[in-house]
Structure formats: structure tokens, C-alpha cells
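Okay, here's what each chain looks like letter by letter:
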Amino acid sequence: MENYIFEAEAKSKSEAEEYTLKTLRLNSDEVRFETVDSGKGGFFGISQKKPAVVRTYVTSRDLPAEKIIHGVVLTVLKKMGIEAEVVGMGDVDGKIYVEIASKESGLVIGKRGATLDALQFVFNLMVDSKIRHGRKIVLDIESYRDKRELSLVRLGKSVAATVAKTGKSKLLEPMNPFERRIIHMALQENEKVFTRSEGNGTYKKVRIIPMKDKHKYKDVAEKGPNNDLLEEANFE
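Below, the structure is looked at part by part. (Residues numbered from 1 in each chain as written. Predicted model: local features only at pLDDT ≥ 70, side-chain atom pairs only at ≥ 80, totals over all residues. Heavy atoms only, no water.)

1. Thoughts on helix α4 (residues 114–126)
For clarity, the threshold we go by: Elements are defined by DSSP. Helices are runs of H or I of four residues or more, strands are runs of E of two residues or more, and each kind is numbered from the N terminus. For a helix, the expected span equals 1.5 Å multiplied by the number of residues minus one. Residue burial is assigned from relative accessible area. The probe radius is 1.4 Å, only protein chains are included, and a residue is buried under 20% of its type maximum, exposed over 50%, and partly exposed in between. Throughout, the arc means that of the directions going from the helix axis to the C-beta atoms. Note on contacts: a residue pair is in contact if any heavy atoms of the two residues lie within 4.5 Å.
Between its first and last C-alpha atoms α4 spans 18 Å; for 13 residues at 1.5 Å apiece the expected length is 18 Å, and the two agree. Among the residues of α4, L116, D117, L119, Q120, F123 and N124 are the ones counted as buried. Taken around the axis of α4, the buried residues stretch over an arc of 160 degrees, which confines them to a single face. Along α4, exposed side chains directed more than 90 degrees from the buried face belong to F121 and L125. Against the buried residues of α4 lie α2 (65–79), α3 (105–109), α5 (129–132), β6 (136–141) and α6 (144–166).

2. Considering the nonpolar core
Where we set the bar: Remark: nonpolar core denotes a set of buried residues (Ala, Val, Leu, Ile, Met, Phe, Trp, Tyr, Cys) joined through side-chain atoms within 4.5 Å.
I5, I68, I69, V98, I100 and F123 are the most contacted members of the largest nonpolar core, which totals 35 residues. A per-element tally of this core places α2 first, with 8 residues. Discounting chain neighbours no more than four positions away, the residues touching F123 are V72, V73, V76, I137 and L139.

3. Quick look at a nonpolar patch on the surface
Selection criterion: Patches were defined on residues exceeding 30% relative accessible area and lacking a salt bridge, with like-charge contacts within 9 Å and nonpolar side-chain contacts (Val, Leu, Ile, Met, Phe, Trp, Tyr) within 5 Å. Areas reported here follow the Shrake-Rupley algorithm with a probe of radius 1.4 Å; residue values treat only the protein chains shown as occluding. When a carboxyl oxygen of Asp or Glu is within 4 Å of a side-chain nitrogen of Lys or Arg, the pair counts as a salt bridge.
A cluster of nonpolar side chains, F121, V122, L125 and M126, forms an exposed patch at the surface whose accessible area comes to about 400 Å². As for its position among the elements, V122 is in helix α4. Of the residues examined, V122 reaches a relative accessible area of 31% and is grouped as partly exposed.

4. Notes on the packing of α2 against α4
Put simply, the test is: Here, axes are lines fitted to C-alpha atoms. For helices the fit covers the stretch in contact, and angles between N-to-C directions go from 0 to 180 degrees. An angle below 35 degrees is treated as roughly parallel, one above 145 as roughly antiparallel, one from 65 to 115 as roughly perpendicular, and anything else as oblique. Left-handed describes a crossing whose near helix is turned anticlockwise from the far helix through less than a right angle; right-handed describes the clockwise counterpart.
Their axes nearest at 11 Å, the elements α2 and α4 cross at an angle of 130 degrees. Considering their axes alone, α2 and α4 lie oblique with respect to each other. Once α2 is placed against α4, the crossing between them reads as right-handed. Contacts between α2 and α4 pair V72, V73, V76 and L77 from the former with L119, F123 and M126 from the latter.

5. Side note on the sheet that holds β6
Note the following rule: When DSSP finds at least two bridges between two strands, those strands are taken to pair.
What the 3 strands build is an open sheet, ordered β4-β5-β6; its pairing is mixed. Edge positions in the sheet fall to β4 (85–92) and β6, since each has one partner strand and no second. Geometrically, the sheet is characterised by an average inter-axis angle of 20 degrees between neighbouring strands, direction not taken into account. Pairing between strand β5 (residues 95–101) and β6: 6 bridges, direction parallel. From the neighbouring strand, K95 faces β6, where its bridge partner is K136.

6. What about α6?
Counted at 1.5 Å a residue, the expected span for α6 with its 23 residues is 33 Å, and the 33 Å between its end C-alpha atoms agrees. Along α6, the residues that are buried comprise Y144, R145, R148, L152, G156, V159, A160 and V163. One or two steps after α6, the chain reaches G167, where phi turns positive at roughly 80 degrees.

7. A closer look at the pairing of β4
Sheet analysis places β4 next to β5, joined by 7 bridges and oriented antiparallel. Residue G88 lies in a different strand from β5, and its bridge partner there is E99. The hairpin turn running from β4 into β5, its antiparallel successor, is 2 residues long, and D93 in that turn takes a positive phi close to 55 degrees.

8. A short note on unusual backbone geometry
Even without a glycine there, the phi angle at D93 is positive, about 55 degrees. Inspection of the secondary structure assignment puts D93 in the loop between β4 and β5. In this structure D93 comes out as exposed when scored by relative accessible area, which is 73%. With a phi angle near 50 degrees, E142 is a residue other than glycine that sits in the positive phi range.

9. Structural notes on the sheet that holds strand β8 (residues 193–198)
Taken in spatial order, the 3 strands line up as β7-β9-β8 in an open sheet, and their pairing is antiparallel. Because the sheet does not close on itself, it has two edges, and the strands there are β7 (170–175) and β8. On average, adjacent strands in this sheet sit at an angle of 25 degrees to one another, irrespective of strand direction. Pairing analysis gives 6 bridges linking β8 to strand β9 (residues 204–210), with the strands arranged antiparallel. Pairing of V193 across the sheet is with P210, part of β9. Contacting β7, β8 and β9, α6 runs over the sheet at an angle of about 160 degrees to β7.

Structure (C-alpha cells):
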């Protein structure tokens, strides 16, 4: 089955095909074009001419996953009404990192990165794991994930200091597995507190607990303070 990776609009079918090849840096023998709409002239020259719409399918088995991902990302965002461009992509630690740029970055990120996470999930579903060679796609915009990581580390350490001082545990806001793991890792060596995840589903909360209360959590005492790390690493 051919992979549908891109959709382009232009004044004519040939211009849409040319735009696709240039944007994705493809050769014409690597893809197949399907004309969705050839574009029509206005009624007696009064109404505006409709653009030509062309879809692109991969025909080459040797096409790099990065080029397929490039097309899928731009097409999905376009259908959401968001103009964006891929400004960077590469393999880092066995994951395919995709950095995009858009004037509507706030919409792409969403509240606490929820929309960015949802888009990332969709892209991993749309691009078959075999094409990605098992690598996960990590989507980012304006280095949001790096900034979020720094923010979470600061938050974790600040709350940990309060917990250690007051002797009372604190529950943080709901976070995805990746974000919870950042908190766990940031406080792993802290001898005054320990962490655990609470709740169900993808978005759980991290509780930061004073070490003096460790005896109240039998599972923690048996498996170690950060036993959630293994579970959450599987969702990265």
C-alpha cells in the first residue's frame, strides 16, 4: 500500500507537483501524484478560479523516513489551517526529532503542550513503525520541549525544598509520561524527598513526598523511590 504523504495547492496541477518536489526535495520517480482537483475557471470569469489540488504518494521503497515525515507533518498542519515549515530534523538518541516553525506556535503547543503531544501521537500513528525503523517521532516548536524541561526541573526542585522544609507532601499538576519522568529524574538523588505518580490514564500527577514518610508506601520501600521511571520510560 502506497503512503499518502503530502497535499499541495497551486494555480495548476503542474505547479502543485513542482511545489511538492521542491518542498520535500524529492525526485519525480520516487512518488505518484493524484489530482484531487484540476482547478476550474470562474463562472463567466466572475467568480474566483479554484486552485488545483494534488496528493502525493510514495512509490519508492528506499525513500528516507524523514522525507515521508516531512510531508505528513506539513499536510496535517495545513489541514488544521496552520501554516508551518520544518526547520530541522534528525536522529537523536534513537528518536526522530522534528523541529517546526510557525507564526501560530501557540495553537500548535496548546495548553501545557497538550496539542503538541496530540500531534506527535498522530504523526507516530500515520508513519508506520517499519518506515521509522522503530524510532519514535518527537515533535517540537520553538524549542518548547527544552524550555519545558528546564521549567519542570526548576519546579520539581522548588517544590521538593518546600516539602523537605514543611514535612508535607505536594501534588503537582497532571503531566504526560515524558514530563513526569523529568520530575522523577530531577529528584532521584535528593535524599530528603522521593516521588511517585498517582492517578490513571496518560496524564497522571507526581506527588513529592518527604523521605520520613517512606514507610507509608510499601511499594516504594520494596522497589525504590523512583519505580515509576521504568513504566513511564516505555511511553517516551
